[in-house]
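Structural features, examined
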Amino acid sequence: SLFPDLVKSRIFAKRVLEKSFFTEKHNKSLSLLSIFTHGTDDPVFGRDTLIHQASGVLQSVIKLNKNGPFSELTVELSEPRFATELNKTILDELQSLNRFFKMQSTNEKISFIQNRIKSVSFDLELYEKNLKSFREKNRQISSPALQLDEERLLRDVDIQKNLFITLKQQLELAKIEEVQGSSVVQILDEPTLPIGASNKNLKTPLILSVIVGLILGILLGLLRSYVDSDDIDERRKFRKIKN
């Protein structure tokens, strides 16, 4: 559930943009920041500006869709192998960030519980000492006032004991949660190399090719008629048509 927000975050973009990838366009490995901005040329803008520009490009090539109980991550680029490697890297970084935030929350919880255990343990020892001291001074408890004092001391000890036991249980659960944090997301299918282009559309290129071919054919026909014609008036007409 965090993945859509993590994909749009700046920390995610910075981590992914630092990774290096091999591209056929440049025929070498470059950082994703360089690939999406200045390529092999020297950068014209500062790093913050480049990260801002590259982040926009990165967001445009990533698609994260919900497919029933599963999520589908797609990366669209002109080079299939580059797209596959970037997809794997994005998936790894998303898991890493998700695990990092989950572990951070768990560590804060463990730290809080441990501090509370120390505090409760100190109070428990203090109440136990008070109860011990009271019983040593009053070995024969006969009056109602002394019985009431003893009950209060016993109640304080019981409360601290219950708190101590509860905190210990919560600490063990938090430690179990810390171990389970290593497997936040289960990957059903790893990113694979695509067989063909995902946005392949033959209709538009075919129509454009026919139109361009007709225009070029007409222009060549007019040019040839103009060259072959000896009539000056005809040449003027062809020149006007050509213009």
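One can find the structure itself at the top, above this paragraph.
Residues numbered from 1 in each chain as written. Predicted model: local features only at pLDDT ≥ 70, side-chain atom pairs only at ≥ 80, totals over all residues. Heavy atoms only, no water.

**A closer look at the overall build of the protein chain**
Going by this rule: Numbering of helices and strands runs from the N terminus; a helix is a DSSP stretch of H or I covering at least four residues, while a strand is a stretch of E covering at least two. The classification of residues rests on relative accessible area computed with a 1.4 Å probe and restricted to protein chains. Under 20% of the type maximum is buried, over 50% is exposed, and intermediate values are partly exposed. Should any heavy atoms of two residues lie within 4.5 Å, those residues are considered in contact. Residue burial considers only the protein chains on display, and all accessible areas are found by Shrake-Rupley using a 1.4 Å probe.
Counting its secondary structure elements, the protein chain contains eight helices and four strands. Residues classed as buried in the protein chain amount to 26% of the 243 residues present. Long-range pairs, those at least 24 residues apart, make up 58% of the contacts in the protein chain with a sequence separation of at least 6. Surface exposure of the protein chain reaches about 17500 Å², of which carbon and sulfur atoms provide 54%.

**So, the pattern of salt bridges**
We apply this condition: Every case where a carboxyl oxygen of Asp or Glu lies within 4 Å of a side-chain nitrogen of Lys or Arg is listed as a salt bridge.
Under the defined criterion, the tally for this structure stands at six salt bridges. For Arg47, the salt bridge is made with Glu18, and the minimal N-O distance between the two is 3.9 Å. With Arg47 in helix H4 (residues 47-61) and Glu18 in the loop between helix H2 (10-17) and strand E1 (20-23), the pair connects residues that are 29 residues apart, well separated along the chain. Taking the shortest distance from any N to any O, the salt bridge between Lys63 and Glu76 comes out at 3.4 Å. Within this pair, whereas Lys63 is found in strand E3 (residues 62-67), its partner Glu76 is found in the loop between strand E4 (70-75) and helix H5 (80-137), the two being separated by 13 residues in sequence. A relative accessible area of 38% means that Lys63 is categorised as partly exposed. Connected through salt bridges with shared partners, the residues Arg15, Lys19 and Glu93 form a single ionic network.

**Side note on H2**
Selection criterion: The directions from the helix axis to the C-beta atoms are what the arc is built from.
Every buried residue belonging to H2 is among Phe12, Ala13, Val16 and Leu17, and all of these are buried. For H2, the buried positions fall inside an angular range of 120° around the axis, keeping them on one side.

**As for H4**
Definition in use: Between the first and last residue of a helix there are one fewer steps than residues, each counted as 1.5 Å, and that sum is the expected span.
Its 15 residues give H4 an end-to-end C-alpha distance of 21 Å, which sits within 8% of 21 Å, the value for a rise of 1.5 Å per residue. When we look at burial in H4, the residues that qualify are Leu50, Ile51, Ala54, Ser55, Leu58 and Val61. The buried residues of H4 occupy an angular sector of 135° when the element is viewed end-on, so they sit on one face. Summarising the geometry of H4, the exposed residues directed more than 90 degrees from the buried face are Asp48, His52 and Ser60. Its buried side turned inward, H4 meets H2, helix H3 (32-36), E3, E4 and H5.

**What to know about unusual backbone geometry**
Despite not being glycine, Asn27 has its phi angle at roughly 55°, a positive value. Within the secondary structure, Asn27 sits in the loop between E1 and strand E2 (28-31). Judged by its relative accessible area of 60%, Asn27 falls in the exposed class.

**Observations regarding the pairing of E1**
Convention followed: In this description, strands pair whenever DSSP reports at least two bridges between them.
Only one face of E1 is buried, namely the one carrying Phe21 and Thr23, since none of Ser20 and Phe22 on the opposite face is buried. Note: E1 against E2, four bridges, orientation antiparallel. Paired with Phe21 across the bridge in E2 is Leu30. Taking the residues that link successive antiparallel strands as the turn, the E1-E2 hairpin has four residues, and the phi of Asn27 there is positive, at about 55°.

**Looking at the packing of aromatic side chains**
Applied cut-off: A pair of Phe, Tyr and Trp rings is counted when the ring centres sit within 6.5 Å of each other, with Trp represented by its six-membered ring. The angle between the planes then sorts it: under 30 degrees is stacked, over 60 is edge-to-face, the rest tilted.
With the rule as written, the count across this model stands at one aromatic pair. Judged by centre distance (5.6 Å) and plane angle (50°), the rings of Phe21 and Phe82 are tilted. Note that Phe21 is positioned in strand E1 and Phe82 in helix H5, a separation of 61 residues in sequence. Take Phe82: its relative accessible area is 6%, and that puts it in the buried class.

**A short note on the packing of H2 against H4**
Applied cut-off: Where helices are involved, their axes are fitted lines through C-alpha atoms of the stretch in contact, as for all axes, and angles between N-to-C directions lie from 0 to 180°. What sets the label is the angle itself: under 35 degrees gives roughly parallel, over 145 gives roughly antiparallel, 65 to 115 gives roughly perpendicular, and the rest give oblique.
Running from N to C, H2 and H4 point in directions that differ by 95°, and their axes come no closer than 10 Å. By the angle between their axes, H2 is roughly perpendicular relative to H4. From H2, Arg10, Phe12, Ala13, Lys14, Val16 and Leu17 reach across to H4, where they touch Asp48, Ile51, Ala54, Ser55 and Leu58.

**Comments concerning a nonpolar patch on the surface**
Applied cut-off: Residues form patches when they are more than 30% accessible in relative terms and have no salt bridge. Like charges link within 9 Å. Nonpolar side chains (Val, Leu, Ile, Met, Phe, Trp, Tyr) link within 5 Å.
A cluster of nonpolar residues, Ile207, Ile211, Val212, Ile215, Leu216 and Leu219, forms a patch on the protein surface that exposes about 540 Å² of accessible area. Topologically, Ile211 is positioned in helix H7 (residues 203-228).

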